[in-house]
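Observations on chain architecture
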Amino acid sequence: MTGVLGDAAVRDGAASATSDRLRVDEVRDESDGVRSLRLTGLAGQRLADWEPGAHLEIVLPSGLVRHYSLCGDPEDHSGYRIAVLREPNSRGGSAELHDAIGQGAELTVRAPRNHFALRPASSYLFIAGGVGITPILPMIVAAQRRSIPWRLVYGGRSRASMAFRERLAALGPDHVEIVPEDERGLPDLAGAIAAAPNGLIYACGPEGLLRAVESETDAQGRRADLNIERFSAATDSSPAATVAAFEVELRRTGQVLAVAEDTSILEVVRQVLPGVASSCEEGFCGTCETRVLGGTPDHRDSLLSQEERAACDTMMICVSRAAGGRLILDL
């Protein structure tokens, strides 16, 4: 299952447009390059419930929309905590949050959504790389509260770059293995997976780590147990799928739009509905997820599971297309 953000039970992005103004009431440096922000209601109100794996969509003052995993305590209804890695090669969101957003700033935040939910299991193996630790933290809290056995393998470039390292190390070596690459090399994924023969595996981090986890779970016959969240589009060495023109019907407006071979649904829809939200535009964040009312999508995202794709209920209109002549969308 692959995941890559009101009511935390809302599964599809098309169903959640609720937004609130929240205030940054705390800013903390968690490691070299990683800063966390705690967001609270302007009037101190109780915030919407959420479950481990959920993320927030934040509308930055520049107008950029970005999504960040919730890394606080799901039972803390007074505030949300996110952690942001400053990415030198990003498209501006992380730099804006690091440089322009401080304590007291107000942000528009859309209700939590979850594409990476923690499913019931007899035990958990958590694998995190770098800032991929953020969605894993609430999962560890949940496993501890439920007295479910768990283990974490946490890799990073160096100890100084690994956010929440000291907090995790305090949980003990029986539960947490911290693997700074400059000291120990890469994590022993084969050994970690072999030592956890039962239960589920949750992994989040850079693409290289996730590809290695996928390869090792394939080799050990554990792919069905694997749940992944990506922070970038998955690489794909398979031949490109056929690209053909098709039509999109917008059910709410009654308009029928032509989507050419070299144009995305999102681009075409924005010509008549310029306010349609998107963020990554590569099919991994879920911001543009839209309900499908008719037709068969040709899914090309890195987010939906095979079961979710088979249901044909929603699609990512930034990258996915139509498997037939026309799609009917709830727009």
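Quick summary incoming for the structure in this document. Going along each chain's sequence as written, the residues are numbered from 1 onward. It should be noted that, the model being predicted, local features are given only for residues of pLDDT at least 70 and side-chain atom pairs only at 80 or more, the latter also being counted only at that level, while totals for whole chains, interfaces and linings use all residues. Only heavy atoms go into the side-chain values, all of them from the structure, while hydrogens and water stay out.

What about the nonpolar core?
Put simply, the rule reads: Residues grouped as a nonpolar core are buried Ala, Val, Leu, Ile, Met, Phe, Trp, Tyr and Cys residues, joined through side-chain atoms within 4.5 Å. Relative accessibility decides the category of a residue: with a 1.4 Å probe and only protein chains considered, values under 20% of the type maximum give buried, values over 50% give exposed, and everything between is partly exposed. Only DSSP runs of H or I reaching four residues or more are called helices, and only runs of E reaching two or more are called strands; each is numbered from the N terminus. Contact criterion: two residues are considered in contact whenever any of their non-hydrogen atoms come within 4.5 Å of each other.
Membership of the largest hydrophobic core comes to 28 residues, with the highest contact counts inside it found for Phe-126, Ile-136 and Leu-152. Elements with a contribution of two residues or more to this core: β8 (124–129), α2 (133–145), β9 (150–156), β10 (176–180) and β11 (200–205). If you tally residues by element for this core, the top one is α2, at seven residues. Not counting the four nearest positions on each side in its chain, Ile-136 is found in contact with Phe-116, Phe-126, Ala-128, Leu-152 and Tyr-202. Of all hydrophobic cores here, the second largest spans 22 residues; its members include Ile-265, Ile-317, Cys-318 and Leu-329.

Here we look at the pattern of salt bridges
Pairing is possible between side chains that carry opposite charge, provided their charged atoms lie close to one another. What counts, and what does not: In the sections that follow, a salt bridge refers to a side-chain nitrogen of Lys or Arg positioned within 4 Å of a carboxyl oxygen of Asp or Glu.
Enumeration over the complete set of coordinates arrives at 31 salt bridges. The salt bridge partner of Arg-28 is Glu-26, with a shortest N-O separation of 3.8 Å. By relative accessible area, Arg-28 is classed as partly exposed at 35%. Residues Glu-177 and Arg-151 are paired through a salt bridge, measuring 2.8 Å at the closest nitrogen-oxygen approach. Placement of the pair is Glu-177 in strand β10 and Arg-151 in strand β9, with a sequence separation of 26 residues. Given the relative accessible area of 27%, Arg-151 is considered partly exposed. Members of the salt-bridge network, linked through shared partners, are Glu-207, Glu-214, Asp-218, Arg-223 and Arg-230.

Some words on the environment of Leu-304
Considering the arrangement of structural elements, one finds Leu-304 in the loop between β16 (297–298) and α8 (306–311). Residue class for Leu-304 comes out buried when judged on its relative accessible area of 4%. Through-space distance from the C-alpha of Leu-304 to that of Gly-286 is 8.9 Å; in sequence the pair is 18 residues apart.

Some points on the sheet that holds strand β17 (residues 314–316)
Working definition: the strands of a sheet are paired by backbone hydrogen bonds and lie parallel or antiparallel to each other. To be explicit about the condition: We call two strands paired when DSSP finds no fewer than two bridges between them. Helix axes are fitted only over the stretch in contact, all axes being lines through C-alpha atoms; the angle between N-to-C directions runs from 0 to 180 degrees.
In space, the five strands of this open sheet follow the order β14-β13-β19-β15-β17, with mixed pairing throughout. Pairing within the sheet leaves two strands with one partner each, and these edge strands are β14 (256–259) and β17. The sheet shows a mean angle of 40° between the axes of neighbouring strands, taken without regard to direction. The pairing of strand β13 (residues 246–250) with strand β19 (residues 326–329) spans four bridges and is parallel. Bridge assignment links Glu-249 to a residue of β19, and that residue is Ile-328.

Thoughts on the sheet that holds strand β5 (residues 65–69)
Taking strand neighbours across the sheet as the criterion, the six strands line up as β5-β4-β7-β2-β3-β6 in an open arrangement whose pairing is antiparallel. The open sheet is flanked by β5 and β6 (80–85), the only strands paired with a single partner. Across the sheet, the mean angle from the axis of one strand to that of its neighbour is 40°, orientation sign disregarded. Bridging between strand β4 (residues 54–59) and β5 involves five bridges; their strand directions are antiparallel. Within β5, the position partnered with Leu-56 by the bridge is Tyr-68.

Points about the packing of aromatic side chains
Heads up, the rule is: Two aromatic rings from Phe, Tyr or Trp, using only the six-membered ring of Trp, form a pair when their centres are within 6.5 Å; if the ring planes differ by under 30 degrees the pair is stacked, by over 60 it is edge-to-face, and anything between is tilted.
Enumeration according to the criterion identifies five aromatic pairs in this entry. Taken together, a centroid distance of 6.2 Å and an interplanar angle of 65° make the contact between Tyr-124 and Tyr-202 edge-to-face. A residue pair is termed long-range when its members are at least 10 positions apart, and Tyr-124 in strand β8 and Tyr-202 in strand β11 qualify at 78 residues. Each member of the pair Tyr-124 and Tyr-202 is classed as buried. Seen from their ring centres, Phe-126 and Tyr-202 are 6.4 Å apart, and the 55° between their planes marks the pair as tilted. One end of the pair, Phe-126, is in strand β8; the other, Tyr-202, is in strand β11, and 76 residues separate them in sequence. By relative accessible area, Phe-126 is classed as buried at 0%.

Regarding the environment of Pro-206
For Pro-206, the position within the fold is in the loop between β11 and α6 (207–219). Here the alpha-carbon distance between Pro-206 and Ala-128, two residues 78 residues apart in the chain, equals 8.8 Å.

Looking at the side chain of Thr-40
Take Thr-40: it is sitting in strand β3 (residues 34–41). In contact with Thr-40, not counting residues within four places along its chain, are Leu-22, Arg-23, Asp-25, Leu-47, Ser-78 and Gly-79.

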